[in-house]
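Now for the letters of each chain:
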Amino acid sequence: MAVKFDEFGYPIQDKWYDSFVLGALLGAVIPVIVLVGLIFKEIPDSQHLDFGQILEYAWDMTKSKGFSPYFVSALLPNMFFFMFFYTKELWKSCRGFVVCTLLFFALYAYRAFI
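Remember, it's a predicted structure, so these values are computed and weren't measured experimentally. (Residues numbered from 1 in each chain as written. Predicted model: local features only at pLDDT ≥ 70, side-chain atom pairs only at ≥ 80, totals over all residues. Heavy atoms only, no water.)

**Q** When you look at the overall build of the chain in this model, what are you seeing that I'm missing?
**A** From N to C terminus, the chain includes four helices and two strands. From first element to last, N terminus to C terminus, the chain shows the α and β order β-β-α-α-α-α. Taken against the 2.2 N^0.38 rule, which gives 13 Å for 114 residues, the C-alpha radius of gyration of the chain at 18 Å runs more than 25% over that of a compact globule. In terms of principal-axis extent, the alpha carbons of the chain reach across some 60 × 30 × 20 Å. Among the 114 residues that make up the chain, the fraction classed as buried is 29%. Contacts spanning at least 24 positions in sequence make up 66% of the contacts within the chain whose residues lie at least 6 apart. Side-chain charges in the chain split into 9 positive and 10 negative, and the spacing between the mean points of these groups amounts to 6 Å. (Helix = DSSP H or I, 4+ residues; strand = E, 2+ residues; numbered from the N terminus. Rg over C-alpha atoms; globule rule 2.2 N^0.38 Å. Buried < 20%, exposed > 50% of the residue type's maximum accessible area, 1.4 Å probe, protein only. Contact = heavy atoms within 4.5 Å. Lys, Arg positive; Asp, Glu negative; His and termini not counted. Charge placed at Lys NZ, Arg CZ, Asp CG, Glu CD.)

As structure tokens, then:
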């Protein structure tokens, strides 16, 4: 493996947390957790439901017009994490967040409009 150097001649160390897979995993898991939390807060008497029933309710809710604020709110943490990784110059992780966010939008468009 060849060593990369910056413009001053210092060796550049690869960061183990700068990976597409890490960005994609975080970009996929964080919106689901936020969305389940928002819907869990919204459902009356939700303490008696298990995680699968909440996800089923969320999937059924995507057909309604009132789902857009929940969806956008669930994707906001992706934007914040993207900006954090962007300022730290972790480009591969940024790509993972962007790809997952676009996939979430594609899934939402497919479910809501088709």
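**Q** Teacher, can you tell me more about the environment of proline 77 here?
**A** Topologically, proline 77 is positioned in helix α3 (residues 68-87). Along the backbone, proline 77 and valine 34 are 43 residues apart, and their C-alpha atoms lie at a distance of 8.4 Å. Ignoring any residue separated from it by four or fewer positions in sequence, one finds proline 77 in contact with Ile30 and Val34.

**Q** Would you mind showing me how to read the state of the cysteines here?
**A** In a disulfide, the sulfur atoms of two cysteines are covalently bonded to one another. Counted according to the given criterion, the structure contains zero disulfides. Unpaired in terms of disulfides, cysteine 100 finds its nearest cysteine sulfur in cysteine 94, a separation of 13 Å. (Disulfide = S-S within 2.5 Å.)

**Q** Honestly, the packing of aromatic side chains in this entry has me stumped. Any pointers?
**A** Where two aromatic rings form a pair, the distance of their centres and the angle of their planes describe that pair. Scanning the model with the defined rule gives nine aromatic pairs in all. Plain terms: the ring middles of tyrosine 86 and tryptophan 91 are 5.3 Å apart, the flat faces sit at 75° to each other, and that makes the pair edge-to-face. For tyrosine 86, a relative accessible area of 43% corresponds to the partly exposed category. (Phe/Tyr/Trp six-rings, centres within 6.5 Å; stacked < 30°, edge-to-face > 60°.)

Read these as spatial facts, not as claims about activity.
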